[in-house]
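# Survey of secondary and tertiary structure
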Amino acid sequence: MPQCDTLPTPVFEAPWHAQAFALAVHLNESGLFTWPEWVTQFSAALQEAGLARELNGGDDYFEIWLATIEAMMTAEGHVTATEVEHVKQGWERAYLATPHGQPVHLQEGV
Amino acid sequence: MPHDIDDPHSQPHSHLPSDPVLRVRALETILTRKGLIDPAALDEIIDTYENHIGPQNGARVVARAWAEPEFRAALLTDADTVLAELDLNGRQGEHVVVVENTPARHNMVVCTLCSCYPWPLLGIPPGWYKSDAYRARAVREPRKVLAEFGVTLPAEVAVRVWDSTAEVRYLVLPMRPAGTEGWSLEALERLVSRDSMIGTGLALQPDDAAARGAQR
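Throughout, residues of each chain are indexed from 1 in the direction in which the sequence is written. For this description, chains carry letters from A and ligands carry numbers from 1, given in the order in which they are written. Restriction of local features to residues with pLDDT of at least 70 applies here, the model being predicted, together with a cutoff of 80 or more for giving and counting side-chain atom pairs; totals for whole chains, interfaces and linings are based on all residues. Processing note: side-chain calculations cover all non-hydrogen atoms of the structure and skip hydrogens and water entirely.

With an unreviewed UniProt entry as reference, chain B is termed nitrile hydratase, source organism Tritonibacter scottomollicae. The heading Catalytic activity (unreviewed entry) in the UniProt record of chain B holds the text "an aliphatic primary amide = an aliphatic nitrile + H2O". UniProt positions are given in the numbering used here, feature names are shortened, and annotations may be inferred rather than shown by experiment. As recorded by UniProt, the Sequence similarities (unreviewed entry) comment attached to chain B reads in full: "Belongs to the nitrile hydratase subunit alpha family."

In the annotation of an unreviewed UniProt entry, the entry for chain A reads Nitrile hydratase accessory protein, and the organism field reads Tritonibacter scottomollicae.

Looking now at the overall build of chain B. By definition, any uninterrupted DSSP run of H or I lasting at least four residues is a helix, any uninterrupted run of E lasting at least two residues is a strand, and each is numbered from the N terminus. Looking only at helices and strands, chain B has 12 helices and 4 strands in total. Counting all 216 residues of chain B, 50% fall into the buried class. Every residue pair with non-hydrogen atoms within 4.5 Å of one another is taken to be in contact. Across chain B, the fraction of contacts at a sequence separation of at least 24, relative to all contacts at a separation of at least 6, is 66%. Total accessible area computed for chain B in this model is approximately 10,200 Å², and 53% of it derives from carbon and sulfur atoms. Only protein chains enter the area calculation, which uses a 1.4 Å probe; residues under 20% of their type maximum are buried, those over 50% are exposed, and those in between are partly exposed. To be clear on the numbers: accessible area is Shrake-Rupley with a 1.4 Å probe, and residue cover counts the displayed protein chains and nothing else.

Each partner contributes to the interface: chain B provides 61 residues, whereas chain A provides 60 residues. Counting the surface lost from both chain B and chain A, the interface buries some 5,500 Å², and carbon and sulfur atoms represent 66% of this. When a carboxyl oxygen of Asp or Glu is within 4 Å of a side-chain nitrogen of Lys or Arg, the pair counts as a salt bridge. The interface formed by chain B and chain A includes 4 salt bridges. With a shortest N-O distance of 2.5 Å, Lys 88 of chain A and Asp 19 of chain B are connected by a salt bridge. Counting of polar contacts relies on pairs of N or O atoms within 3.5 Å, with two restrictions inside protein: one atom must be capable of donating a hydrogen and the other of accepting it, and residues adjacent in sequence are counted only when both atoms are side-chain atoms. Between the two partners, chain B and chain A, sit 12 residue pairs in polar contact (both at pLDDT 80 or more). Looking at the side of chain B that touches chain A, the elements with two or more residues in it are helix 1 (19-33), helix 2 (39-52), helix 3 (55-67), helix 7 (127-130), helix 8 (132-140) and helix 11 (194-198) of chain B. By residue number, the principal contributor to the side of chain B that touches chain A is helix 1 of chain B, which donates 14 residues. Polar here means any residue outside two lists: the nonpolar Ala, Val, Leu, Ile, Met, Phe, Trp, Tyr, Cys and Pro, and the charged Asp, Glu, Lys and Arg; Gly therefore counts as polar. Partitioned by chemical class, the residues of the side of chain B that touches chain A number 29 nonpolar, 12 polar and 20 charged. Throughout, buried area stands for the accessible area (probe radius 1.4 Å) lost by two parts on being put together, summed over both.

This part covers the UniProt feature "domain: Nitrile hydratase alpha/Thiocyanate hydrolase gamma" (unreviewed entry) in chain B. The UniProt entry lists residues 21-200 of chain B under the feature "domain: Nitrile hydratase alpha/Thiocyanate hydrolase gamma" (unreviewed entry), expressed in the numbering used here. Secondary structure across residues 21-200 of chain B comprises 50% helix and 12% strand; the distance between its end C-alpha atoms is 32 Å.

Let's shift gears to the domain arrangement of chain A. For every domain, the bounds stem from an assignment made automatically or drawn from a database. Under the domain assignment used here, chain A contains domain 1 (12-79) and domain 2 (81-110). Summarising the inter-unit geometry, the C-alpha centres of domain 1 of chain A and domain 2 of chain A are found 23 Å apart.

This part takes up the confidence of the model for chain A. Detailed reading of the predicted coordinates is not advisable wherever pLDDT is low. Summing up the model confidence of chain A, the mean pLDDT is 88 and the portion of residues at 70 or higher is 92%. Every residue in residues 1-8 of chain A is under pLDDT 50, and counting partners more than four places away or in other chains gives 19 contacts. Confidence scores here are pLDDT values: one per residue, from the predictor, ranging 0 to 100.

Before going further, it helps to examine the nonpolar core. Nonpolar side chains tend toward joint burial in soluble globular proteins. Ranked by size, the top nonpolar core spans 96 residues in total, and within it Phe 21, Leu 27, Trp 38, Trp 65 and Ile 69 of chain A together with Leu 75 of chain B carry the most contacts. Examining the composition of this core, we find that 9 residues originate from one element, helix 1 (residues 15-29) of chain A, more than from any other. Beyond its immediate chain neighbours, meaning those up to four positions away, Ile 69 of chain A contacts Ala 20, Leu 23, Ala 24, Leu 27 and Trp 38 of chain A together with Leu 27 of chain B. Take the buried residues of types Ala, Val, Leu, Ile, Met, Phe, Trp, Tyr and Cys, join any two whose side-chain atoms come within 4.5 Å, and each joined set is a nonpolar core.

Residue and element names in this part refer to chain A. In this model helix 4 (residues 81-97) runs 24 Å from its N-terminal to its C-terminal C-alpha over 17 residues, within 8% of the 24 Å that 1.5 Å per residue would give. Buried residues of helix 4: Val 84, Val 87, Lys 88, Gly 90, Trp 91, Ala 94 and Tyr 95, and no others. Down the axis, helix 4 shows its buried residues gathered within 155° of arc, on one side only. Exposed residues lying more than 90 degrees from the buried face of helix 4 are Ala 81, Thr 82 and Ala 97. In this scheme, a helix's expected span is set at 1.5 Å multiplied by one less than its residue total. Arc, as used here, means the arc of the directions from the helix axis to the C-beta atoms.

Residues and elements named next belong to chain B. Across the 6 residues of strand 2 (residues 105-110), 5 count as buried, placing the element largely inside the fold. Across 6 bridges, strand 2 lies against strand 3 (residues 158-163) in parallel orientation. The partner of Val 110 across the bridge, within strand 3, is Asp 163. At least two bridges found by DSSP between two strands is the condition for calling them paired.

Each assigned domain of chain B is listed here: domain 1 (17-50) and domain 2 (55-215). Domain 1 of chain B and domain 2 of chain B are separated by 32 Å when their C-alpha centres are compared.

The next thing to look at is the packing of helix 4 of chain A against helix 1 of chain B. Each axis is a line fitted through C-alpha atoms, taken for helices only over the stretch in contact, and angles between the N-to-C directions span 0 to 180 degrees. It is the contact of helix 4 of chain A with helix 1 of chain B, at a shortest axis distance of 8 Å, that shows an interaxial angle of 115°. Regarding helix 4 of chain A and helix 1 of chain B, the two cross each other, and that crossing is right-handed. Taken together, the residues of helix 1 of chain B that come into contact with helix 4 of chain A (itself represented by Glu 83, Val 84, Val 87, Lys 88, Trp 91, Glu 92 and Tyr 95 of chain A) are Asp 19, Leu 22, Arg 23, Arg 25, Ala 26, Leu 27, Thr 29, Ile 30 and Arg 33 of chain B. Of the residues contributing to the contact of helix 4 of chain A with helix 1 of chain B, the split by class is 8 nonpolar, 1 polar and 7 charged. In a left-handed crossing the near helix is turned counterclockwise from the far helix by less than a right angle, and in a right-handed crossing that turn is clockwise.

Here the UniProt-annotated "binding site: Fe(3+)" (unreviewed entry) positions come out as Cys 111, Cys 114, Ser 115 and Cys 116 of chain B. Looking at the element boundaries, Cys 114 of chain B is found in the loop between strand 2 and helix 6 (119-122). Once residues within four sequence positions are removed from consideration, Cys 114 of chain B is found in contact with Val 39, Phe 42, Ser 43 and Leu 46 of chain A together with Arg 135 of chain B. The class for Cys 116 of chain B is buried, based on a relative accessible area of 3%. Cys 116 of chain B has contacts with Val 39 of chain A together with Cys 111, Tyr 129, Ser 164, Thr 165, Ala 166 and Arg 169 of chain B, leaving out every residue within four places of it along the chain.

Take a look at the structure:
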């Protein structure tokens, strides 16, 4: 049974927070990095960002979470920044070209 | 991009997802293509934390520790063994230390590095636990932070702050409220809030619980 003080609050504030969270957990469990390695990288990134502005633990926290995954995957050679940008732009075009309410699909070749 | 604004069906997505949404999507696409991740496993992880794991798990452990002295002693001595027996030692809960509140000492948990937290017992941490404000101030001025959570402790009660890491996570065993002698485990569980197990709250008093129950 959920507790009273957690009842009104969703576990993740936005669906992409959940996606980013799950991605790190899954990559860890697939052996791409250990959790202590993750904590070292992520906490360093948090600290760096926190020096410039106060983090509220919401979007800004998960943006750094996501940037840490990108940095670790890039450092290990699993992805390149160019590749991520290319596919990201592909998704952007797919969203823009898809009428509202229809499923969005990445174009072939992206 | 030209489109006919009179026909809603010809309109492009009015809400182009934000930059991080597109980046997560791009990463997932690439890592899936390379066989490094399985989208079904991602969905399973999200479903687990959204629907199955949360502070109710920790509350069950606390209620039992209140009701069964032997269980309480074992939990305080070697939480890992006890939690493994209950199948509550999953990811991010491999090494847990349970710290007990007493009339002389109140415990409070933070992760000054990032947001280490006993997921199998409490689920995903709330936003404030991850904020700079809490992470920085919990250690520096715990009483002030507690007061902001509505917890004011007598001066003679010491406050001990525990800093979680990737290796060790803490769970606070709050004090059992007076007037709950003989209560069932289920009734006791309802007094155990998430915040009381982080130490930024106290267990509910029987009257509070009754009032909250009546509101539902």
